[in-house]
2 protein chains.
Amino acid sequence: MRRREFITLLGGAAAAWPLAAGAQTLHSEGALSSWNDGAAKQAIFDFVRATIDRASPNYVSPEDRIAVFDQDGTLWVEHPMYTQVVYCLERVPAVVARKPELKNVEPFKTVLSGNREAMAKLSLRDLEKILVATLTGMSVEEFNAEAKRWIENPRWNRPYTELVYQPMLEVLRYLRDNAYKTYIVTGGGQDFVRVYAETVYGIPPEQVVGTAGGTKYSYAKDGKPFLTKDAKLLLNDNNAGKPEGIYLMIGRRPYAAFGNSTGDRQMLEWTGAGAGARLKMLVLHDDATREYAYGPAQGLPDTKVGIFTPALYDEAKSKDWTVISIKNDWKRIFVFE
Amino acid sequence: MRRREFITLLGGAAAAWPLAAGAQTLHSEGALSSWNDGAAKQAIFDFVRATIDRASPNYVSPEDRIAVFDQDGTLWVEHPMYTQVVYCLERVPAVVARKPELKNVEPFKTVLSGNREAMAKLSLRDLEKILVATLTGMSVEEFNAEAKRWIENPRWNRPYTELVYQPMLEVLRYLRDNAYKTYIVTGGGQDFVRVYAETVYGIPPEQVVGTAGGTKYSYAKDGKPFLTKDAKLLLNDNNAGKPEGIYLMIGRRPYAAFGNSTGDRQMLEWTGAGAGARLKMLVLHDDATREYAYGPAQGLPDTKVGIFTPALYDEAKSKDWTVISIKNDWKRIFVFE
């Protein structure tokens, strides 16, 4: 069997097989088919070519090929509200059913009222209370089962897990096919995203870095040990917390980083501060017709969720980061299209 | 090419290639050659056979094959003193050279005196001060370079990196050849062990879980970002901290766990509390001639470093954990033999 056939046989599995990449195989044929030709698509192809070709001055050995992706707004939809926040709000009735004393206490009272206008006015402190009440205090197994049930049984027209960006799935696949190890680095809850990341993105739990709380080890009456999710914050995986979280959980500087908001700024800076070829990309939501349009960079509407400031846009331009325009760079947006 | 040849061609790389294991390949020929025949060696073979055979009721899919290993006393020597503690003590002169005001301050004064008897009497609080002074406050790059230099230039007869247990390297290799992902879960410093784990054990940084401090993201005068190691403890990866650390960093319950002291107890309990076949093993240092003998289980001498209590021994027996006797189970101990 010649190498060419051998590599073909391996197919997707080649991603996990360092030698395949060491052998300078470039899997680009048919890759990124939902992308329009342009600077963004070309930047991805150029980066991969430069880092997997042994003859390139920017060659990266397979074990160092780390790529990190923000989730909300980068891999899937974050509007009108982050998926996990919706989960927490919807869990409130179940929490109150177990602790009836919360029924007339704010912010639980407002959430129970179902008054969306009042809910939109809840403060960050209120939101924190809701997160603590709905995400901590239970065993890790209970949490996982509950979150899994929720994510698989949506109450809307379409499951969240289908609101994934097809072009980004293609980038994940293309990088993996070239021996890159792909990680999610999200401001969302690490435990929450781990529940579905393998199914949705092909990313295993150990490659999900997110905002993380502690757990507490203890024993049931029968002596069986269990872990309880507690409210102690170990990692706030946003802004400077992203490079800090990457260092803690991965221990290597990524070669590629993808984000879409100011919370991803430091992750891209930290990635870009390494030597050699580094790919830094930001998704700009500029397509009100096919998805959403928000910034406020480039005169786009200013929203509360997923802020892309003009300052971030300027930094991207000055540091040679690539801004992905959903409107111009993506031929197709969603997996279900 | 028939499957047999194909697998042989893959060699060590098969470990990273899930399909190889999915195809029920058992790599046992010539494995564990430094082990004497006996219950311990058999337990490892039985466990692997039971978990990789698709027809077995205890079959484990490749992505779930996680094995965790304590480091000090399990993978390499921990006597007369943990490697990292020696590193910290030896770094004291360099720290004092930069901060001369510490010269006459305890515990630095005692360490500088070189009086081993006085040093042995330092309290845990003193030791903490030394750890903070020698392991934090510098950029992650400075720390990595310094620790690497030290580990590669030993001042004794033999580098630490050669005081590795050959039988355990064979277990690591055997598990990887059967698609297990091997992790170190150590009470030692995560950053410290990551410096050499890839070279010494073939374990990449992202598969080292250890006691971890925070880092702080900031900018140099030229605008370049850097991370500084700070003294904030995020994870004390000992005792209950081990399952908590596994949940934080890996997010899956291991199928195999190896330890040697009371600090590993909860890691083995947590591993054993999962369904199906789980391998739980403890190394007992009972060979004063070829290595060290300490317990105090089984009437072995009571030492401060790497305590294996009679209670742990009883728990191991009652829960069907396997105790590895260095004296009886290991034909050869060190890599250099």
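The following paragraphs examine the structure supplied in this document. (Residues numbered from 1 in each chain as written. Chains lettered and ligands numbered in written order. Predicted model: local features only at pLDDT ≥ 70, side-chain atom pairs only at ≥ 80, totals over all residues. Heavy atoms only, no water.)

1. Looking at the pattern of salt bridges
Opposite charge on two side chains permits them to pair, given that their charged atoms come into close proximity.
All names here are of chain B.
Here comes step 1: A complete count under the given rule lists 42 salt bridges over all chains for this structure.
Here comes step 2: Between Glu152 and Lys148 there is a salt bridge, with the nearest N and O atoms lying 3.2 Å from each other. You can see Glu152 and its partner Lys148 sitting in helix H8 (residues 140–152), four residues apart, about one turn around the helix.
Here comes step 3: According to the relative accessible area criterion, Lys148 is partly exposed, its value standing at 42%.
Here comes step 4: For Arg290, the salt bridge is made with Asp287, and the minimal N-O distance between the two is 2.8 Å. (Salt bridge = Lys/Arg side-chain N within 4 Å of Asp/Glu carboxyl O. Helix = DSSP H or I, 4+ residues; strand = E, 2+ residues; numbered from the N terminus. Buried < 20%, exposed > 50% of the residue type's maximum accessible area, 1.4 Å probe, protein only.)

2. Some points on the relation of the copies chain B and chain A
Here comes step 1: Here chain B sits on chain A after a turn of 180° about the axis and a move of 0.0 Å along it, with an RMSD of 0.0 Å. The two molecules are tied by a two-fold rotation axis, judged by turn and shift.
Here comes step 2: Both copies present the same face, since 100% of the interface residues in chain B are matched by interface residues at the equivalent positions in chain A. (Least-squares fit on C-alpha atoms with pLDDT ≥ 70 in both. Contact = heavy atoms within 4.5 Å.)

3. Describing the sheet that holds strand E7 (residues 322–325) of chain A
Here comes step 1: Spatially, E4-E3-E2-E1-E5-E6-E7 (chain A) is the arrangement adopted by the seven strands of the open sheet, whose pairing is mixed. At either margin of the open sheet sits one strand with a lone partner, and together these are strand E4 (225–235) and E7 of chain A. When strand polarity is set aside, the average angle formed by the axes of neighbouring strands in this sheet is 30°.
Here comes step 2: As paired strands, strand E2 (residues 181–189) of chain A and strand E3 (residues 208–219) of chain A are joined by four bridges and run parallel to one another. Looking at the pairing, Ile184 of chain A lines up with Val208 of chain A of E3 of chain A.
Here comes step 3: Each of E3 and E4 of chain A is contacted by helix H11 (residues 241–249) of chain B, which is oriented at about 155° to E3 of chain A, the strand it contacts most.
Here comes step 4: Together, E3 and E4 of chain A form the strand contacts of helix H12 (residues 265–272) of chain B, whose direction differs from that of E3 of chain A by roughly 95°. (Pairing = 2+ DSSP bridges. Axes fitted to C-alpha atoms, helices over the stretch in contact; angles between N-to-C directions.)

4. Notes on unusual backbone geometry
Here comes step 1: Residue Pro80 of chain A is reached from His79 of chain A by a cis peptide bond, and omega for that bond is 0°.
Here comes step 2: Inspection of the secondary structure puts Pro80 of chain A in the loop between strand E1 (66–69) and helix H4 (83–98).
Here comes step 3: The peptide bond linking Glu106 of chain B to Pro107 of chain B adopts the cis configuration, its omega dihedral lying at 0°.
Here comes step 4: Relative to the helices and strands, Pro107 of chain B resides in the loop between helix H4 (83–98) and helix H5 (108–113).
Here comes step 5: The backbone of Leu32 of chain A sits at a positive phi, close to 55°, despite the residue not being glycine.
Here comes step 6: Counting through the fold element by element, Leu32 of chain A comes out in the loop between helix H2 (18–22) and helix H3 (39–52).
Here comes step 7: Judged by relative accessible area, Leu32 of chain A falls into the buried class, the value being 1%.

5. Overview of the packing of aromatic side chains
All names here are of chain B.
Here comes step 1: One pass over the full model with this rule turns up 32 aromatic pairs over all chains.
Here comes step 2: For the ring pair Tyr87 and Phe192, a centre distance of 5.1 Å and an interplane angle of 45° mean the geometry is tilted. Taken together, the residues span a long stretch of sequence, with Tyr87 in helix H4 and Phe192 in helix H10 (residues 190–201) at a distance of 105 residues. Of the two residues, Tyr87 and Phe192, both sit in the buried class. (Phe/Tyr/Trp six-rings, centres within 6.5 Å; stacked < 30°, edge-to-face > 60°.)

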